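Chain by chain, the residues:
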Amino acid sequence: MTNKPSLTSTWQSPSNLAIVKYWGKKALQEPVNPSVSFSLSEAKTTTTVGLVPRQDGGFSFRLDELPVPKFEKKIETFFNAIRARLPIIENHFIEIESTNTFPHSTGIASSASAMSALALCLADLQQQVNGKNDLDITEVSSLARIGSGSASRSVYGNWNLWGRMAELPESSDFHAIPAPVDIAPVFRDLHDDILIVSSQSKPVSSSHGHKLMDLHPYREGRISQARRNTLELLKHLSSGNFEGFAKIAESEALSLHGLMMSSTPAFTLLRPNTLAIIEKIREFRDNKDIPVTFTMDAGPNIHLLYPKEFLNEVSEWEENSLKPFCEDGRILRDHIGKGPEKIISTK
Ligand code: DP6
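All values derive from a computational prediction rather than experimental measurement.

In this section: the pairing of strand 7 (residues 159–162). The alternating pattern of strand 7 places Trp159 and Leu161 and Asn160 and Trp162 on opposite faces, both of which are buried. Here strand 4 (residues 35–53) pairs with strand 7 via four bridges, running antiparallel. Each bridged residue has a counterpart across the sheet, and for Ser35 the counterpart in strand 7 is Trp162. The pairing of strand 7 with strand 8 (residues 176–178) spans three bridges and is classified as antiparallel. When the bridges of strand 8 are listed, Asn160 appears paired with Pro178.

Next up, the structure:
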């Protein structure tokens, strides 16, 4: 910290991976459809926020010790939207320092981990200034959502749901909740190997993709599909039905990219090797009878999902058959994680 802050807070918060995808928003970053995700274990952002008393506010942001103008804009928009809820923003200069555990330029979305870590630090500091030390995690999820929709789901570990469903009384468009079912053992330690097909930055941002859903010809159909898939997925997560889970994971991933390809203007983020890997996964599952499936985010990379007990078989197959389709043979290994952690400085 360069400005000798009067108070600091440090949090480490994970990225998350959606199985039912958030795609399309309304009002202040409320989703048009529910989404279900799990938090990762290895892909995390660590953020320290320092408060420097100063009447005219302001902030600085550094990622790995360097300024990133693109994120500064996003943080400014975020601060303007949450100002009324967090008075510390008005009367302090906010110094933000972040690092990511996952390497740069691997096509891994960082906004969920970054915005959830920032929301945790800010909420924690506001509580400290108020003389309290408990955090209302629902409120933090709601703050994180305003920074980036998917970040609302990163304030918890394991499986989470964001978006209102009449059938699920605790669900909300304003914040995420832990998935309201008991999770079967097979889904408690799911592995996610991220097969890096391309690390180039996306030609179309997620924010723009969300916007194209406003007038999308398949909008209503998509909303119904996501609602149906959410209820089905929760059933499979609790009964341990991997086959049912895989059907939804793949249908959601391909539907997301189908929506992009049928937007106006249309765009495609898939690469030839994305499709080659999908073929390989299906072939392996059919021939070996090993439960593997996949999903994708808004990018060309494949997330290969499987239960922990198949780690050895899957790793060997990845090395031999999938690595050649990955950029520089890159595979990042991750699995379900326990959620954010407050880091207490020992200095
Ligand atoms: C495809 O949360 O990155 O990963 O709210 O504009 O910050 P903003 O978008 P973002 O969108 C994520 C979209 C997705 C699906 C998902 O995570 O549910």
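Examined against the element boundaries, Ser98 turns out to sit in strand 6 (residues 92–100). At 2.7 Å, the side chain of Ser98 and the side chain of Thr47 are in polar contact. Once residues within four sequence positions are removed from consideration, Ser98 is found in contact with Thr45, Thr46, Thr47, Phe61, Arg62, Leu63 and Asp64.

Our next topic: the packing of helix 1 (residues 69–82) against helix 4 (residues 137–147). Relative orientation of the contacting elements helix 1 and helix 4 amounts to 135 degrees, with a least axis distance of 8 Å. As judged from the angle between their axes, helix 1 and helix 4 are oblique. Taken as a pair, helix 1 and helix 4 cross one another with a handedness that is right-handed. Note on element contacts: helix 4 touches helix 1 through Leu143, Ile146 and Gly147, opposite Lys74, Phe78, Ala81 and Ile82. Grouping the constituent residues of the contact of helix 1 with helix 4 by class yields five nonpolar, one polar and one charged.

What links the strands of a sheet is backbone hydrogen bonding, and the strands pair in either a parallel or an antiparallel sense. The strand order across the open sheet built from four strands is 10-11-9-12, with neighbouring strands paired in antiparallel fashion. Looking at which strands have only one partner, the edges of the open sheet turn out to be strand 10 (293–295) and strand 12 (331–335). Averaged over all adjacent pairs, the angle separating strand axes in this sheet is 25 degrees, with direction ignored. Here strand 10 runs beside strand 11 (residues 302–307); their pairing, made up of three bridges, is antiparallel. Bridge pairing in strand 11 links Phe294 to Leu304. Contacts between helix 7 (residues 242–261) and the sheet are confined to strand 9 (190–195), strand 10 and strand 11, with strand 10 contributing the most and set at about 30 degrees to the helix.

Moving on: the pattern of salt bridges. In the structure shown here, the tally under the stated rule is 17 salt bridges. A salt bridge links Lys26 to Asp173, with the nearest nitrogen and oxygen atoms 3.3 Å apart. A residue pair is termed long-range when its members are at least 10 positions apart, and Lys26 in strand 2 (residues 25–26) and Asp173 in the loop between strand 7 and strand 8 qualify at 147 residues. Residue classification places Lys26 among the partly exposed residues on the basis of a relative accessible area of 37%. A residue is classified by how much of its surface remains accessible, and Asp173, at 16% relative accessible area, is buried. Measuring nitrogen to oxygen at the nearest pair gives 3.6 Å for the salt bridge that ties Arg219 to Glu220. Residue Arg219 is classed as partly exposed on the basis of its relative accessible area, which comes to 21%. One network of salt bridges, in which partners are shared, links Asp193, Glu318, Glu319, Lys323 and Arg333.

This paragraph deals with the packing of aromatic side chains. Both the distance between ring centres and the angle between the ring planes are used here to describe each pair of aromatic rings. Scanning the entire structure with this criterion turns up 10 aromatic pairs. Ring geometry for Tyr22 versus Trp162: centroids 4.7 Å apart, planes at 70 degrees, classification edge-to-face. Linking Tyr22 in the loop between strand 1 (7–20) and strand 2 with Trp162 in strand 7, this pair joins segments that are 140 residues apart in sequence. Since its relative accessible area comes to 0%, Trp162 is described here as buried. Measuring from centroid to centroid gives 6.1 Å for Phe78 and Phe79, while their planes differ by 35 degrees, and the two rings are tilted. Here the aromatic cluster, defined as three or more aromatic residues joined through ring pairs, consists of Phe38, Trp159, Phe187, Phe242 and Phe245.

What counts and how
Residues numbered from 1 in each chain as written. Predicted model: local features only at pLDDT ≥ 70, side-chain atom pairs only at ≥ 80, totals over all residues. Heavy atoms only, no water. Buried < 20%, exposed > 50% of the residue type's maximum accessible area, 1.4 Å probe, protein only. Helix = DSSP H or I, 4+ residues; strand = E, 2+ residues; numbered from the N terminus. Pairing = 2+ DSSP bridges. Polar contact = N/O pair within 3.5 Å; in protein donor to acceptor, adjacent residues only side chain to side chain. Contact = heavy atoms within 4.5 Å. Axes fitted to C-alpha atoms, helices over the stretch in contact; angles between N-to-C directions. Parallel < 35°, antiparallel > 145°, perpendicular 65-115°, else oblique. Left-handed = near helix turned anticlockwise from the far one by under 90°. Nonpolar A, V, L, I, M, F, W, Y, C, P; charged D, E, K, R; others polar. Salt bridge = Lys/Arg side-chain N within 4 Å of Asp/Glu carboxyl O. Phe/Tyr/Trp six-rings, centres within 6.5 Å; stacked < 30°, edge-to-face > 60°.

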